[in-house]
Amino acid sequence: MDDQRNDNGKKPYQCHECDKNFSTKVSLKKHHGTHTGVIPYKCSGCDQMFIKKGNLRRHRKNESCSKTFNCPLCDGVFKKMSQLSRHQEVHTSEKLFKCTECDSSFRRKDTLQRHQACHTGLRPYTCIECDKTFIEKAALLIHQRTHSGEKPYQCSDCSKAFSHKGHLSVHLRIHTGEKPHKCTECDSAFSTRGLLMVHQRYHTHEKPYTCTECGKAFRQRGHLTTHHKFHTGETPYPCCECEKSFISKLALKLHQRLHTGEKPYKCAECNKAFIRKEQLVLHHREHTGYKPYKCTECDMAFVTNSRLIVHQRRHTGEKPYQCCECQKTFRVHGELSLHQRCHTGFRPYKCSECDKAFIKKSTLTVHQRYHTGEKPYKCSECDKAFEQVGHLSRHQKCHTGERPHKCTECDMAFITKAQLLLHRRTHIGEKRYKCSECDKAYFSRGSLKRHHADHAKAKYIY
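Trainee: So what exactly am I meant to see when it comes to the overall build of the protein chain here?
Mentor: Assigned secondary structure in the protein chain consists of 16 helices and 32 strands. Taking 462 residues into account, the globule formula puts the C-alpha radius of gyration at 23 Å, and the protein chain, at 36 Å, lies well above it. Projecting the C-alpha coordinates of the protein chain onto the three principal axes gives extents of approximately 135 × 50 × 50 Å. Looking at the protein chain as a whole, 22% of its 462 residues are labelled buried. At a minimum sequence separation of 6, the contacts of the protein chain that also span at least 24 residues come to 1%. Counting every atom, the protein chain has about 34,100 Å² of accessible surface; 49% of that belongs to carbon and sulfur. In the protein chain, the 85 positive side-chain charges and the 48 negative ones have mean positions that sit 1 Å from each other.

What follows is the structure in structure tokens.
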């Protein structure tokens, strides 16, 4: 009964040193320590002493304690022993908690419980702002910050703020350069385990997220979500500078750099700058010569997986992109987009010297050389120079005698594929270029042009 507070609210326990009163005997005993110097609670991390156990607990939670716990298996450093214990479960391969609905297994019971909500569909925590539901209350609280705009976790290096403490921890690795998650297949390392898992799918070719509309599969759930908007036609992010709108906030942000001219990713080798980080990564491979994507049919290798896929279509003959106007097919979607301008007449690239306009920017660049007289591609065998690299390649075959394009109907061979196609028309009798002045027809456009010149001369004479 001595240690209980009196019902009338009195404080019957008085200190004989300072006449201060306390409601319990335990409180008085703790207070005595301030006079006697007896401080019973000591921090094992920094040897700081505390009169109250609660003060010691608060001290251990705050940043003021320098005690850290190091993982003996990796470079991980933790503030609490409990955090270290939880981390060490990552190193053990044993997953004792198995899901009864599927083959998944987990190291922790709480992780299993969260996973099981995927099967039951139970999401008891609902956001009052948007009706979105969550498995855990903590996830709801973090989500609500997207509505309130609250970002309580601030970076001390660049003042950037975050709604989630974990996001700040990952962000700090940008400043420290720490990439603790290493790929066992290659030399790549990542700041988060999630990024490593996505990367490993490039090695395993795993694409676990499949579109129910068209069957296309993706390595990341976010990519599938963005892809779905192609089917729905949804473009919720409009550009304030032009009339374009985009399916994702990131796509809009990247587009806006075209207006601002911002290129934040710079190459340390040649100072070339890029709008996107992926462009810089690919550019680096031009310096290193690293081409990880190898064709199984021939010896060619490529900087990106997408280039390999396009190349493999040369072996398979696949042309998955079809024009709805003329049914012509293409290996690459970009080629189809350019081709469709032939039907629409859209020529966005205009020459500043004359009235000509072009479908492709590269065609405009080549055309402008006719005005400037620039011929950057020089033959190493003779003094000839050319406006286009393709013209140089074709010319060099004159020196080597190479004629790789052979006719299957006769023994003739040609330097270019275009010459072979023209020649084939002589076998099938196809004369697709017809004169609008008379009934004559020709195998090639050049022959028709020369014929048109004869009409023009005749008109001039008469």
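Trainee: So what exactly am I meant to see when it comes to helix 4 (residues 109-120) here?
Mentor: Every α-helix carries 3.6 residues per turn, so stepping three or four residues along brings you back to the same face. For helix 4, which comprises 12 residues, the first-to-last C-alpha distance of 17 Å matches the rise-based estimate of 16 Å (1.5 Å per residue) to within 8%. Listed in full, the buried residues belonging to helix 4 are Leu112, His115 and Ala117. Lining the buried residues of helix 4 we find strand 7 (97-98) and strand 8 (105-106). Just downstream of helix 4 lies Gly121, where phi reads positive at about 75°.

Trainee: Is there a simple way to think about helix 11 (residues 305-316) in this case?
Mentor: End to end, helix 11 covers 16 Å across 12 residues, agreeing with the expected 16 Å (1.5 Å per residue, within 8%). Taken together, the buried residues of helix 11 touch strand 21 (293-294), strand 22 (301-302) and strand 23 (321-322). Residue Gly317 follows helix 11 closely and has a positive phi angle near 80°.

Criteria and cut-off values
Residues numbered from 1 in each chain as written. Predicted model: local features only at pLDDT ≥ 70, side-chain atom pairs only at ≥ 80, totals over all residues. Heavy atoms only, no water. Helix = DSSP H or I, 4+ residues; strand = E, 2+ residues; numbered from the N terminus. Rg over C-alpha atoms; globule rule 2.2 N^0.38 Å. Buried < 20%, exposed > 50% of the residue type's maximum accessible area, 1.4 Å probe, protein only. Contact = heavy atoms within 4.5 Å. Areas by Shrake-Rupley, 256 points an atom, 1.4 Å probe, with all protein chains shown as cover. Lys, Arg positive; Asp, Glu negative; His and termini not counted. Charge placed at Lys NZ, Arg CZ, Asp CG, Glu CD. Expected span 1.5 Å × (residues − 1).

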